[in-house]
Amino acid sequence: MFKRFRQNRKDEATRLANRETFLKNEDLIMPIFIVPGENVKEEISSMKDVYHYSIDTCLEDLKLFVEKGLQSILIFGVPNDKGVEQAYDRKGLTQNAISAIKEAFPTLEVIVDVCICSYTHDGHCHVGDNDKTCELLAEIALSYAEAGADVVAPSDMMDGRVHYIYEKLKANNLEKKVTIMSYAAKFSSTFYGPFRDAADCAPSSGNRKTYQMDYANGDEAIDEIQADINEGTTSIIVKPALIYNDITRRAKEKFDKEIVAYNVSGEYNMVLNMVESGQASEEMIFESLISMKRAGASRIITYFSGWILREGKLV
Ligand code: PBG
C-alpha cells in the first residue's frame, strides 16, 4: 500500500484544486521612485521597467495600475539636493508626492520609506549618533504622516527608531491613523546594489554592516522583530526575501503580526535576467513570489508589480 500523490497532479484543474498558496493583485506592494520636476518618466538604468517619476507622470501611470487592482505603493523620494533637513520639509518632494497621490487615489494605501540615505552627503542611513538619527527619523515620519501617509516604513536599522517614531506620532495624535511597517529584519545584503542607483544612496565609503544585520544571523532577526513589536510596529518587513524565506517562516510562526517580504532589486534583476535571456520561462517570477507567500508573507514588495498588473497576470 502506498499513497497516490500523483492523482492530485493529473491535470491543470486538479492541480489548481489542490493548490495551497495563491498570489493575488492585492498581495502586491509597488515601489515608486519620485524625483523633482515635471513630465519625467525615466527608466532606471540598473532596473528594467522601473522608473523615476515626477509627481505628474506618477499620477498618470498610477491611474492605470489602480484600475488594474493595485492596492498599495511604497514611496521613495529621490531629491536632487542633499541635506537631511530637507527630508522633513513640510513642502518637500516626498511630502508633496504623498498628498498629491492621496488626493488623486484616496483608497490607495500609501506606505512611505523613512530613511535619510538619499539625503546624507555620504549616503549612509545615519548622522553619526544613533539616537540623534532616531530623532530625525521621527520628525521625517511625522511630516509624512501629516502629508497623508497611511503607513511609515523605517528602513535605516538604527536601534530604537520604532520607539521614537511611535512616540512622535502619539504626541501628535496620529498613532491610530498612521501605522508603522518596520524593516525589522533587514540584512546587510549584496542584493541591494541596483536600488542604490535608483535612490542615489550608495555609501561613498564603507558599508552598512554596523547597522544592518549580518546575513549569517537568524536568531538575531527574531530578536530584532520582537524589539520592533515591543516598540509599536504593526507590520514586519523581511528583507531581502527570496533567500531569507527561513526568516519569514520563523517570524510567521512566532509573531501574530503581518509579515511583508521585500523582493529586493538584486533579486528582481537575477530572476528577470534568467527570464529575459531565455534560461527560464516567465513562470520563474511566479515561482519566486509564491515561495515568499508559502514561507508566510501576507504581502510582497516587488518591482514585478507593474508588469504583473499591466499584463493582467493575476486575479
Ligand atoms: C534605504 C533602502 C535600501 C533599500 C530600501 N531602502 C538600500 C539599502 O539599505 O542599502 C533596498 C531596496 C532594494 O534593493 O530593492 N535604506
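Anything mentioned here points back to the structure above.
A.B. asks: What is the right way to read the overall build of the protein from this model?
C.D. replies: When helices and strands are counted, the protein shows eleven helices and ten strands. If you line up the protein on its principal axes, its C-alpha atoms span 70 × 45 × 40 Å. Evaluated residue by residue, the protein yields a buried proportion of 56% over its 315 residues. For the protein, contacts bridging at least 24 residues in sequence account for 75% of all contacts bridging at least 6. Of the accessible surface of the protein, which amounts to about 14,600 Å², a share of 47% is contributed by carbon and sulfur atoms. Of note, the protein has its 37 positive side-chain charges centred 8 Å away from the centre of its 49 negative side-chain charges.

A.B. asks: Help me understand the packing of helix H9 (residues 265-276) against helix H10 (residues 283-295) in this model?
C.D. replies: Between two packed helices, the angle of one axis relative to the other and the distance separating the axes together describe the packing. In the contact formed by H9 and H10, the axes pass within 9 Å of each other and the chain directions differ by 155 degrees. The orientation of H9 with respect to H10, classified from their angle, is roughly antiparallel. Viewed along their axes, H9 and H10 form a crossing whose handedness is right-handed. From H9, Val271, Met274 and Val275 reach across to H10, where they touch Met284, Ile285 and Ser288. By residue class, the composition of the contact of H9 with H10 is five nonpolar, one polar and no charged.

A.B. asks: What should I look at first to understand a negative patch on the surface in this one?
C.D. replies: A cluster of like negative charges, contributed by Asp129, Asp131, Glu135 and Asp159, occupies part of the molecular surface. Relative to the helices and strands, aspartate 159 is located in the loop between strand S6 (151-154) and helix H5 (161-171).

A.B. asks: Whenever I open this one, the pairing of strand S1 (residues 28-34) confuses me. Can you help?
C.D. replies: Side-chain direction in a regular strand flips from residue to residue, so the side chains alternate between the two faces of the sheet. The buried fraction of S1 amounts to seven of the seven residues, a majority that puts the element mostly inside the structure. In S1, alternate side chains face the same way, and those of Leu28, Met30, Ile32 and Ile34 on one face and Ile29, Pro31 and Phe33 on the other are all buried. Pairing analysis gives two bridges linking S1 to strand S10 (residues 299-302), with the strands arranged parallel. Its bridge partner lying in S10, leucine 28 is registered against isoleucine 300. Direction of pairing for S1 relative to strand S4 (residues 72-77): parallel, over a ladder of six bridges. Following the sheet pairing, phenylalanine 33 is matched in S4 by phenylalanine 76. Two strands pair when backbone bridges link them, and S1 and strand S3 (residues 47-53) are joined in this way by two bridges, in the parallel orientation. Bridging across to S3, isoleucine 34 finds its partner in tyrosine 53.

A.B. asks: Teacher, can you tell me more about the nonpolar core here?
C.D. replies: The tendency in soluble globular proteins is for nonpolar side chains to be buried as a group. Within the largest apolar cluster, 94 residues are counted, with the highest numbers of intra-cluster contacts made by Phe33, Leu62, Ile73, Leu74, Ile101, Val152 and Tyr262. Looking at this core, the element that brings in the most residues is helix H4 (residues 130-147), giving ten residues. Judged by nonpolar contacts, the second largest core, of 16 residues, contains Met213, Ile236, Tyr244 and Ile259.

A.B. asks: Would you mind going over the environment of glutamate 267 with me for this structure?
C.D. replies: Relative to the assigned elements, glutamate 267 resides in helix H9. Remark: the alpha-carbon pair of glutamate 267 and proline 240, spanning 27 residues in sequence, is separated by 8.0 Å. Setting aside anything within four residues of it in sequence, one finds glutamate 267 in contact with Phe191, Pro240, Ala241, Leu242, Ile243 and Tyr262. Among the polar contacts listed, one links the side chain of glutamate 267 to the backbone nitrogen of valine 264, at a separation of 2.8 Å.

A.B. asks: Help me understand the site of the ligand in this model?
C.D. replies: The ligand sits among 18 residues. The nearest are Lys186, Arg196, Lys239, Ser265 and Tyr303. Here lysine 239 contributes a side-chain N or O atom positioned 3.3 Å from a nitrogen atom of the ligand. Measuring from an oxygen atom of the ligand, one finds a side-chain N or O atom of tyrosine 303 at 2.5 Å. The fraction of the free accessible surface of the ligand (400 Å²) that becomes covered by protein chains is 99%.

A.B. asks: Before we go on, may I ask you to explain helix H7 (residues 219-231) in this structure?
C.D. replies: Think of an α-helix as turning once every 3.6 residues; residues three or four places apart then point the same way. The terminal C-alpha atoms of H7, which comprises 13 residues, lie 19 Å apart, in line with the 18 Å expected from a rise of 1.5 Å per residue. Those residues of H7 lying buried are Ala221, Ile222, Glu224, Ile225, Asp228 and Ile229. Considered in projection along H7, the buried side chains sweep an arc of 160 degrees and stay on one side of the axis. Of the exposed residues in H7, the ones pointing more than 90 degrees away from its buried face are Asp219, Asp223 and Asn230. In this structure, the buried side of H7 is in contact with H5, strand S7 (179-186), strand S8 (235-239) and helix H8 (245-254).

A.B. asks: Looking at this structure, how should I read the pairing of S3?
C.D. replies: The buried fraction of S3 is high, at five of seven residues. Of the strand pairs in this sheet, strand S2 (residues 41-44) and S3 are connected by four bridges, and their pairing is antiparallel. Within S3, the residue paired with glutamate 42 across the bridge is histidine 52. Once S2 ends, the chain turns through two residues before running back antiparallel as S3.

Basis of the calculations
Residues numbered from 1 in each chain as written. Predicted model: local features only at pLDDT ≥ 70, side-chain atom pairs only at ≥ 80, totals over all residues. Heavy atoms only, no water. Helix = DSSP H or I, 4+ residues; strand = E, 2+ residues; numbered from the N terminus. Buried < 20%, exposed > 50% of the residue type's maximum accessible area, 1.4 Å probe, protein only. Contact = heavy atoms within 4.5 Å. Areas by Shrake-Rupley, 256 points an atom, 1.4 Å probe, with all protein chains shown as cover. Lys, Arg positive; Asp, Glu negative; His and termini not counted. Charge placed at Lys NZ, Arg CZ, Asp CG, Glu CD. Axes fitted to C-alpha atoms, helices over the stretch in contact; angles between N-to-C directions. Parallel < 35°, antiparallel > 145°, perpendicular 65-115°, else oblique. Left-handed = near helix turned anticlockwise from the far one by under 90°. Nonpolar A, V, L, I, M, F, W, Y, C, P; charged D, E, K, R; others polar. Patch = residues over 30% accessible without salt bridge, like charges linked within 9 Å, V, L, I, M, F, W, Y side chains within 5 Å. Salt bridge = Lys/Arg side-chain N within 4 Å of Asp/Glu carboxyl O. Pairing = 2+ DSSP bridges. Core = buried A, V, L, I, M, F, W, Y, C linked by side-chain atoms within 4.5 Å. Polar contact = N/O pair within 3.5 Å; in protein donor to acceptor, adjacent residues only side chain to side chain. Near = heavy atom within 4 Å. Expected span 1.5 Å × (residues − 1). Arc of directions from axis to C-beta.

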